[in-house]
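Coordinate analysis (summary)
Spelled out from the first residue to the last, the chains are:
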Amino acid sequence: QVQLVESGGGLVQPGGSLRLSCAAAGTVFGIGTMGWYRQAPGKERELVAVSAAGGNTNYADSVKDRFTISRDNAKKMMYLQMNSLKPEDTAVYYCKADLKVSIMSRYLEFWGQGTLVTVSP
């Protein structure tokens, strides 16, 4: 029933900006830790940014001061604002969230389907 749907990827020139969105479809009783990951072909998935339930955020050194993770719990949305994009940012970006999907359930881990970001001159 509950799933994460990502959007906002595309082709952008170096120095440009993109805003990725992650929407939780379905009824959600609680939202825990959320994060953005990325994976280039033939490479392992790596953490980009994380937002803890208490509001603390952390970023990979490679995106620090360029990317911003944010969340709107009322809208069940998560965002990744990406500025000053570099060619090395090219990857498929995935959102992840720990969600409580029923009153009796524990928190479960959900992943989005991924959205491709290509940074090229």
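Structure: see above.
Here goes a summary of the coordinates provided. Since this is a predicted model, take the numbers as computed values, not measurements. The residue numbers shown here count from 1 along each chain, following its written sequence. Residues qualify for local features only when their pLDDT is at least 70, as the model is predicted, and side-chain atom pairs are given and counted only at 80 or more; totals for whole chains, interfaces and linings, by contrast, use all residues. For side-chain calculations, the full set of non-hydrogen atoms in the structure is used, while hydrogens and water are omitted.

Some thoughts on the overall build of the chain
Runs of E in the DSSP output that reach at least two residues are strands. Runs of H or I that reach at least four are helices, and both are numbered from the N terminus. From N to C terminus, the chain includes 0 helices and 11 strands. Helices and strands in the chain line up, N terminus first, as β-β-β-β-β-β-β-β-β-β-β. For the radius of gyration, the atom set is restricted to C-alpha positions; the globular benchmark scales as 2.2 Å times the number of residues to the power 0.38. Whereas a compact globule of 121 residues would reach a radius of gyration of roughly 14 Å, the chain reaches 14 Å, a difference of no more than 12%. Counting all 121 residues of the chain, 40% fall into the buried class. Here, residues are in contact when the closest pair of their heavy atoms is within 4.5 Å. Long-range pairs, those at least 24 residues apart, make up 56% of the contacts in the chain with a sequence separation of at least 6. Accessible surface computed for the chain: about 6600 Å², of which carbon and sulfur atoms make up 50%. Between buried and exposed lies partly exposed: a residue is buried under 20% and exposed over 50% of the maximum accessible area for its type, with that area taken using a 1.4 Å probe on protein chains only. For the area figures, the Shrake-Rupley method with a 1.4 Å probe applies, and any residue is considered shielded solely by the protein chains shown.

Describing the nonpolar core
In terms of nonpolar packing, the biggest core is built from 28 residues, with Trp36, Leu80, Met82 and Tyr93 touching the most fellow members. Of all elements in the fold, only strand 3 (18–25), strand 4 (30–39), strand 5 (46–51), strand 7 (67–72), strand 8 (77–82), strand 9 (91–100) and strand 11 (115–119) reach the threshold of two or more residues within this core. Tallying contributions element by element places strand 9 first for this core, with 5 residues. Those residues in contact with leucine 80 that sit more than four places away from it in its chain are Leu18, Arg19, Leu20, Trp36, Val48, Ala49, Phe67, Thr68, Ile69 and Tyr93. The nonpolar core is taken to be a set of buried Ala, Val, Leu, Ile, Met, Phe, Trp, Tyr and Cys residues, with the residues joined through side-chain atoms within 4.5 Å.

A look at the packing of aromatic side chains
For any two aromatic rings, the description comes down to two numbers: the centre-to-centre distance and the angle of the planes. Two aromatic rings from Phe, Tyr or Trp, using only the six-membered ring of Trp, form a pair when their centres are within 6.5 Å; if the ring planes differ by under 30 degrees the pair is stacked, by over 60 it is edge-to-face, and anything between is tilted. Summed over the entire model, instances satisfying the criterion amount to 1 aromatic pair. Measuring from centroid to centroid gives 5.0 Å for tyrosine 37 and tryptophan 111, while their planes differ by 55 degrees, and the two rings are tilted. On the criterion of sequence distance, the pair formed by tyrosine 37 in strand 4 and tryptophan 111 in strand 10 (residues 107–111) is long-range, its members being 74 residues apart. Seen from the ring of tyrosine 94, arginine 45 lies directly overhead, with NZ or CZ sitting 3.8 Å from the centre. Either the NZ atom of lysine or the CZ atom of arginine qualifies as a charge over a ring when it sits within 6 Å of the ring centre and within 35 degrees of the ring normal. Here arginine 45 stacks its cationic end above the ring of tryptophan 111, 4.7 Å away from the centre of that ring.

A short note on the sheet that holds strand 3
Two strands are said to pair when DSSP picks up at least two bridges between them. Pairing within the open sheet is antiparallel, and its 4 strands lie in the order 1-3-8-7. With one partner strand each, in any of the chains shown, strand 1 (3–7) and strand 7 form the two edges of the open sheet. Strand-to-strand, the axes of this sheet are offset by a mean angle of 15 degrees, without reference to chain direction. Sheet analysis places strand 1 next to strand 3, joined by 5 bridges and oriented antiparallel. When the bridges of strand 3 are listed, glutamate 6 appears paired with cysteine 22. Axes, fitted as lines to C-alpha atoms, cover a helix only where it is in contact. Angles between the N-to-C directions of the axes lie from 0 to 180 degrees.

Points about the pairing of strand 10
Both strand 9 and strand 10 contribute to a ladder of 5 bridges, which runs antiparallel. Pairing of leucine 99 across the sheet is with leucine 108, part of strand 10. Once strand 9 ends, the chain turns through 6 residues before running back antiparallel as strand 10.

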